[in-house]
Amino acid sequence: MNPFQYSKPDSVQSAIHLVGPASRFIAGGTNLLDLMKENLTRPEHLIDITGLPLREVTATAKGGLMIGALVSNADLAWHPLIEQRYPLLSQAILAGASPQLRNMASTGGNLLQRTRCYYFYDANVPCNKREPGSGCPARNGLNRIHAILGASEQCVATHPSDMCVALAALEAVVHVHGRDGARTIEFADFHRLPGDSAERDNHLAHDELITAIELPAIGFAEHSHYLKIRDRASYAFALVSVAAALEMTGPVIREARLVLGGVAHKPWRDKTVEGWLVGKVASREAFSTAADALLKDAQPLEHNAFKVKLAHRAIVRALSDAALGGQA
Amino acid sequence: MSATTLDAAPSLFTRHSLHLTLNGQARELEVLPWTTLLDLLREQLDLIGTKKGCDHGQCGACTVLLNGKRVNACLTLAVMCQGAELTTVEGLAEGDELHPMQQAFIKHDAFQCGYCTPGQICSAVGLANEGRAQTSGQIQELMSGNLCRCGAYSNIRDAIEEALPACRQRNGQGGGQ
């Protein structure tokens, strides 16, 4: 790890004012310190934000919840209100990482974790995400874990988070503070596709700090399911994951949310497909048609064509489980 | 605000004072910002029970209890543990009396080479503190952050399952760990 200066501010304002060109905020550190040990990032100044008052989960006037950015992944997954009202989020968080990492990792930091693309993680090879313009060895290399949707010539990396797949399905809102004040970002607009600037994972400015994640009132507690498919039973990143959430009247779907993880540079959501499901009777046929539509533009690489079929089956299963009550 | 800010323009190699309670004892230490908790324990304090396996948070050999919660010491900066209560495998026993989890590991032969064992035991005590694992399957899932290259998993799981009631009782009596 490279030497760096260390500061621990006690307010959001002072944290933002400490930001310099080579500074980084640190909370859980589970991804940042790992990247620093690999010499993939070399910040000159770490701003420790764990002293900021961002650890509360509070009710909002709109009937939702405001989750402080420093709430740990474990505390969030096991928070009574999350378990009762947003079980999809609990399931997604508990499907990710290990118990130790979930105790350390923060809610805000989860959004900012970098891809686990092997080539991004190897400082000895080119990577457009790490060094813009250097090339992408993954596109024609070992790309079994890579994207099948929304990739670009520059980058075929996937976003590694499980939590974010559920937050996208729940239409969470990201609250951030920067030098120019506070703003909110709809979850769908937070992460970005690689396009021709693969180095940018999201739309957060360098001087901006995530302070909270807001959940809307509707939590799909009756009919939701997070399904994660991976190479081993636990503690592995998703090959494909599905956040499925339905509002139903009897067998009829009144509202649908369907988001894929492990297949793109950001949680993959298609509102047209969700809209198509509304008014349909829950059935394997309907879910299969939705899966066809969601995957129709999939462009698999040499080693990950299996992900298209896997995603199709996972979508049908997750939606079926959600329709049945989510606990299957 | 810490004494070290950009405004104060300190030397990069300024040591930061660190106060923590380590295995029940108050300690006043000085650390460089980039020293991990794992390196502090092993290199500065000679507490070598906590092991360095992968050094990337993947194997769990460095698991310690920070304010009662299990964390990977390799991905924790020591300087960020200001005021914390830290328990390592050296701090689990009370005098000559082993922690129930340690006793259960011995009884069930829950190790072969022993390298992952301190992390397994600290992780298992953290699991007991969380109170979320009731079944054997849940123990297995909630121990997924600790790898054992010898493959003693089934004995580890059995040891934890047996020790959980004693741990619960200990926690209920205010033992804290």
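On a predicted model such as this, the values are computed, not experimentally measured, just so you know.

1. A few points about the overall build of chain A
The secondary structure content of chain A amounts to eleven helices and twelve strands. Taking 2.2 N^0.38 as the reference for a compact globule, 328 residues should give roughly 20 Å; the C-alpha atoms of chain A span a radius of gyration of 19 Å, in line with that estimate. Each principal axis of the C-alpha atoms in chain A carries an extent, and together these give about 60 × 50 × 35 Å. Put simply, 66% of the contacts in chain A that link residues at least 6 apart link residues at least 24 apart.

2. A word on the overall build of chain B
Along its length, chain B carries five helices and five strands. Tracing chain B from N to C terminus, the helices and strands come up as β-β-α-β-β-β-α-α-α-α. Projecting the C-alpha coordinates of chain B onto the three principal axes gives extents of approximately 55 × 35 × 30 Å. Across the 177 residues in chain B, those meeting the buried criterion constitute 44%. Expressed as a percentage of contacts within chain B between residues at least 6 apart in sequence, the contacts between residues at least 24 apart total 59%.

3. Focus on the domain arrangement of chain A
The domain boundaries assigned to chain A delineate domain 1 (5-48) and domain 2 (224-323). Computed from C-alpha atoms alone, the centre-to-centre distance between domain 1 of chain A and domain 2 of chain A is 36 Å.

4. Digging into the domain arrangement of chain B
Residues and elements named next belong to chain B. Split by domain assignment, chain B resolves into domain 1 (16-91) and domain 2 (100-170). Taking the mean C-alpha position of each, domain 1 and domain 2 sit 21 Å from one another. Counting residues at the interface gives 15 residues for domain 1 and 13 residues for domain 2. Elements that contribute at least two residues to the side of domain 1 that touches domain 2 include exactly strand E3 (63-66) and strand E4 (69-72). Per-element tally for the side of domain 1 that touches domain 2: the top contributor is E3, with three residues.

5. Points about the packing of helix H3 (residues 117-130) of chain B against helix H5 (residues 153-172) of chain B
Residues and elements named next belong to chain B. Relative to each other, H3 and H5 sit at 50°, their axes nearing to 9 Å. Accordingly, the angle class assigned to the pair H3 and H5 is oblique. Viewed along their axes, H3 and H5 form a crossing whose handedness is right-handed. Mapping the contact onto sequence places Gln120, Ala124, Val125, Leu127, Ala128 and Asn129 in H3 and Ile156, Ile160, Leu164, Cys167, Arg168 and Asn171 in H5. Grouping the amino acids of the contact of H3 with H5 by side-chain chemistry returns eight nonpolar, three polar and one charged.

6. Comments concerning helix H11 (residues 306-324) of chain A
Each α-helix turn comprises 3.6 residues. Residues three or four places apart therefore point the same way. Residues and elements named next belong to chain A. Between its terminal C-alpha atoms H11 stretches 27 Å, which fits the 27 Å expected from 19 residues at 1.5 Å a residue. Against strand E9 (224-229), strand E10 (240-249), strand E11 (252-261) and helix H10 (284-294) lie the buried residues of H11. Phi turns positive one or two residues past the end of H11, at glycine 325, with a value near 130°.

7. Examining the UniProt feature "domain: FAD-binding PCMH-type" (unreviewed entry) in chain A
If you check UniProt for "domain: FAD-binding PCMH-type" (unreviewed entry), the listed places come out as residues 1-220 of chain A in our numbering. Spanning residues 1-220 of chain A, this segment combines 23% helix with 17% strand, and its end C-alpha atoms are found 43 Å apart.

8. Concerning unusual backbone geometry
Residue and element names in this part refer to chain A. Positioned with a positive phi, asparagine 39 is a non-glycine residue whose angle comes to about 60°. Along the chain, the position of asparagine 39 falls in the loop between helix H2 (32-37) and strand E3 (45-48). Unlike most non-glycine residues, phenylalanine 220 shows phi in positive territory, near 55°. In this fold, phenylalanine 220 is placed in the loop between strand E8 (209-215) and E9.

9. Points about the interface of chain B and chain A
Across the boundary between the two partners, chain B contributes 31 residues, which contact 30 residues of chain A. Elements represented by at least two residues in the side of chain B that touches chain A include exactly E4, H3 and helix H4 (136-142) of chain B. When the residues that make up the side of chain B that touches chain A are grouped by side-chain class, the tally is 13 nonpolar, 13 polar and five charged.

10. A short note on the nonpolar core
All names here are of chain A. Counting residues in hydrophobic clusters, the biggest one holds 155 residues, and the most contacted among them are Leu88, Ala92, Ala166, Leu167, Ala243 and Ile315. No other element matches H11, which puts eight residues into this core. With sequence-adjacent residues up to four places away left out, alanine 243 is seen in contact with Leu88, Ala92, Val165, Ala166, Ala169, Tyr226 and Val259.

11. A closer look at the pairing of strand E2 (residues 25-31) of chain B
Residue and element names in this part refer to chain B. One ladder, built from seven bridges, connects strand E1 (residues 16-22) with E2; its direction is antiparallel. Looking across to E2, one finds that threonine 21 is bridged to alanine 26. Counted along the chain from E1 to the antiparallel partner E2, the turn is two residues long, and its residue asparagine 23 has a positive phi close to 50°.

12. Regarding the sheet that holds strand E1 (residues 5-7) of chain A
Residue and element names in this part refer to chain A. Read from one edge to the other, the open sheet built from three strands follows the order E1-E3-E2, with strand pairing classed as parallel. Among the strands making up the open sheet, the edge pair consists of E1 and strand E2 (23-26). The average undirected angle you get between the axes of adjacent strands in this sheet is 25°. Relative to E3, E1 is paired through three bridges, and the arrangement is parallel. Directly across from serine 7, in E3, lies its bridge partner isoleucine 47.

13. Here's the deal with the packing of helix H2 (residues 100-107) of chain B against H3 of chain B
All names here are of chain B. Remark: H2 packs on H3, axes separated minimally by 10 Å, with the N-to-C direction vectors making an angle of 130°. For the element pair H2 / H3, the angle class is oblique. Crossing of H2 over H3 shows right-handed handedness. Along the contact surface, H2 presents Met101, Gln102 and Phe105, while H3 presents Thr117, Ile121, Ala124 and Val125. Class assignment of the residues belonging to the contact of H2 with H3 gives a composition of five nonpolar, two polar and no charged.

14. Remarks on the environment of alanine 95 of chain A
Mapped onto the elements, alanine 95 of chain A comes out in the loop between helix H5 (87-94) and helix H6 (99-104). Sequence-wise, alanine 95 of chain A and lysine 228 of chain A are 133 residues apart; in three dimensions their C-alpha atoms are separated by 7.1 Å.

15. Side note on the sheet that holds E8 of chain A
Residue and element names in this part refer to chain A. Across the sheet, which stays open at both edges, the five strands sit in the order E4-E5-E8-E6-E7 with antiparallel pairing between neighbours. The sheet is open, and its two edges are formed by strand E4 (57-59) and strand E7 (181-186), each paired on a single side. Shown here is a sheet whose adjacent strand axes are inclined to one another by a mean of 25°, direction ignored. By the bridge criterion, five bridges tie strand E6 (residues 173-178) to E8 in an arrangement that is antiparallel. Considered in E8, the bridge of histidine 177 is made with leucine 209.

What counts and how
Residues numbered from 1 in each chain as written. Chains lettered and ligands numbered in written order. Predicted model: local features only at pLDDT ≥ 70, side-chain atom pairs only at ≥ 80, totals over all residues. Helix = DSSP H or I, 4+ residues; strand = E, 2+ residues; numbered from the N terminus. Rg over C-alpha atoms; globule rule 2.2 N^0.38 Å. Contact = placed C-beta atoms within 7 Å. Buried ≥ 20, exposed ≤ 12 C-beta atoms within 10 Å, placed from the backbone. Domains from an automatic or database assignment. Axes fitted to C-alpha atoms, helices over the stretch in contact; angles between N-to-C directions. Parallel < 35°, antiparallel > 145°, perpendicular 65-115°, else oblique. Left-handed = near helix turned anticlockwise from the far one by under 90°. Nonpolar A, V, L, I, M, F, W, Y, C, P; charged D, E, K, R; others polar. Expected span 1.5 Å × (residues − 1). UniProt positions renumbered as here; feature names shortened; annotations may be inferred. Core = buried A, V, L, I, M, F, W, Y, C linked by C-beta atoms within 7 Å. Pairing = 2+ DSSP bridges.

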